[in-house]
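Structural overview
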Amino acid sequence: MQNIVLFGPPGAGKGTQSQKLIEQYGYIHLSTGDLLRSQIALGTQLGQKAKELMDAGILVPDEVVIGMIASELTANPGAKGFIFDGFPRTVPQATALDALLADHSTSVKGMIALEVAHDVLVARLLNRGLTSGRPDDVNEVLIAKRVDEYNSKTKPVADYYKAQHKYTGIFGEGEVDDIFQQICRVIDGFGR
Ligand code: ADP
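Quick caveat, the model's predicted, so the values are computed rather than measured.

How each quantity is defined
- Residues numbered from 1 in each chain as written.
- Predicted model: local features only at pLDDT ≥ 70, side-chain atom pairs only at ≥ 80, totals over all residues.
- Heavy atoms only, no water.
- 1 Å grid on protein atoms, 1.4 Å probe; cavity = no way out; pocket = protein on both sides within 12 Å on 5 of 7 lines; lining within 4 Å.
- Points joined across faces, edges and corners; volume = space filled by probe spheres on them.
- Nonpolar A, V, L, I, M, F, W, Y, C, P; charged D, E, K, R; others polar.
- Helix = DSSP H or I, 4+ residues; strand = E, 2+ residues; numbered from the N terminus.
- Buried < 20%, exposed > 50% of the residue type's maximum accessible area, 1.4 Å probe, protein only.
- Polar contact = N/O pair within 3.5 Å; in protein donor to acceptor, adjacent residues only side chain to side chain.
- Contact = heavy atoms within 4.5 Å.
- Core = buried A, V, L, I, M, F, W, Y, C linked by side-chain atoms within 4.5 Å.
- Pairing = 2+ DSSP bridges.
- Phe/Tyr/Trp six-rings, centres within 6.5 Å; stacked < 30°, edge-to-face > 60°.
- Lys NZ or Arg CZ within 6 Å of the ring centre and 35° of its normal.

**Considering empty space enclosed by the protein**
Tallying each qualifying case throughout the model produces 1 cavity of 30 Å³ or more. Approximately 30 Å³ is the volume found for the largest cavity. Taken together, Met1, Leu73, Asn76, Pro77, Phe82, Leu101, His104 and Thr106 make up the lining of the largest cavity. Class assignment for the residues of the lining of the largest cavity results in 5 nonpolar, 3 polar and no charged.

Here you go:
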């Protein structure tokens, strides 16, 4: 099983590249942001609690997202692989993912990180906010909060995978298709 962690700050292009990757490789896309937004749409208790935090640009508690990922892994036993998008976002989430995958006799093949400059991220998110309807994309204060959360809690996750020699960084500011080709080369290099 080929399990890839697609990493990067908010607005780096993880969702866009994930869509292309699932078409190319037939892996299952697991985005904790999407999973949380579907809980909000369903109006569940979990969704209601998560919405308050998400709308404020704050990470939801680790146990919430870890629980969601655990259910998805169990629900997809025959998967060829998973693309993790927006997860793990803290070091405890990364250690939990290793344990969950070990329970399924598999592991993370590698982390692919999209590297994008701060001002480009802010511009992309504000632009997305014009059409996405996402409350966390609409103003610079909230976007700054999300970037703060990323810098303090999420960046250390890259070091976690670097220490395991599983990290590859890709410059994420060019054409979508060029970036996609670079990601594919990295994944193809992982072997089976
Ligand atoms: P983006 O990468 O553009 O910020 P996401 O859809 O990945 O968008 O995340 C939106 C929000 O959902 C985050 O700001 C956070 O509140 C919550 N969230 C998503 N994934 C996680 C996670 N793994 N851990 C904690 N909170 C998360």
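**Some words on the side chain of Thr106**
One can find Thr106 in the loop between helix H5 (91-103) and strand S4 (110-115). Taking relative accessible area as the criterion, Thr106 reaches 15% and is therefore assigned buried. Of note is the side chain of Thr106, whose polar atom sits 2.9 Å from the side chain of Asn3. Residues in contact with Thr106, not counting those within four places in the same chain, are Met1, Asn3 and Leu101.

**Some thoughts on the nonpolar core**
Among the nonpolar cores identified, the biggest contains 30 residues, and Ile69, Leu73, Phe84, Leu97 and Tyr161 are the most heavily contacted of them. When contributions to this core are tallied by element, the ones reaching two or more residues are strand S1 (2-7), helix H2 (32-42), helix H3 (45-55), helix H4 (62-75), strand S3 (81-85), H5, S4 and helix H7 (140-163). Excluding its chain neighbours within four sequence positions, the residues that come into contact with Leu73 are Leu30, Phe82, Phe84, Leu100, Leu101 and His104. By size, the runner-up hydrophobic cluster in this structure holds 18 residues, among which are Ile4, Leu6, Val116 and Val186.

**Considering the pairing of S4**
Counting buried positions along S4 yields 5 of 6 residues, so the element is predominantly enclosed. Of the pairings in the sheet, the one linking S1 to S4 comprises 4 bridges and is parallel in character. Along S4, the bridge assignment pairs Val5 with Met111. Looking at chain direction, S4 and strand S5 (residues 167-171) are connected through 5 bridges and run parallel. Residue pairing for S5: Leu114 is matched across the bridge by Ile170.

**Some remarks on the packing of aromatic side chains**
If you walk through the whole model with that rule in mind, you get 5 aromatic pairs. Aromatic side chains Phe7 and Tyr150 sit 5.9 Å apart centroid to centroid with 40 degrees between the ring planes, which places their arrangement in the tilted category. Note that Phe7 is positioned in strand S1 and Tyr150 in helix H7, a separation of 143 residues in sequence. For the pair formed by Phe7 and Tyr150, the shared burial category is buried. Here the aromatic cluster, defined as three or more aromatic residues joined through ring pairs, consists of Phe82, Phe84 and Phe87. When the ring centre of Phe180 is taken as origin, the NZ or CZ atom of Lys20, which lies over that ring, is 4.9 Å away.

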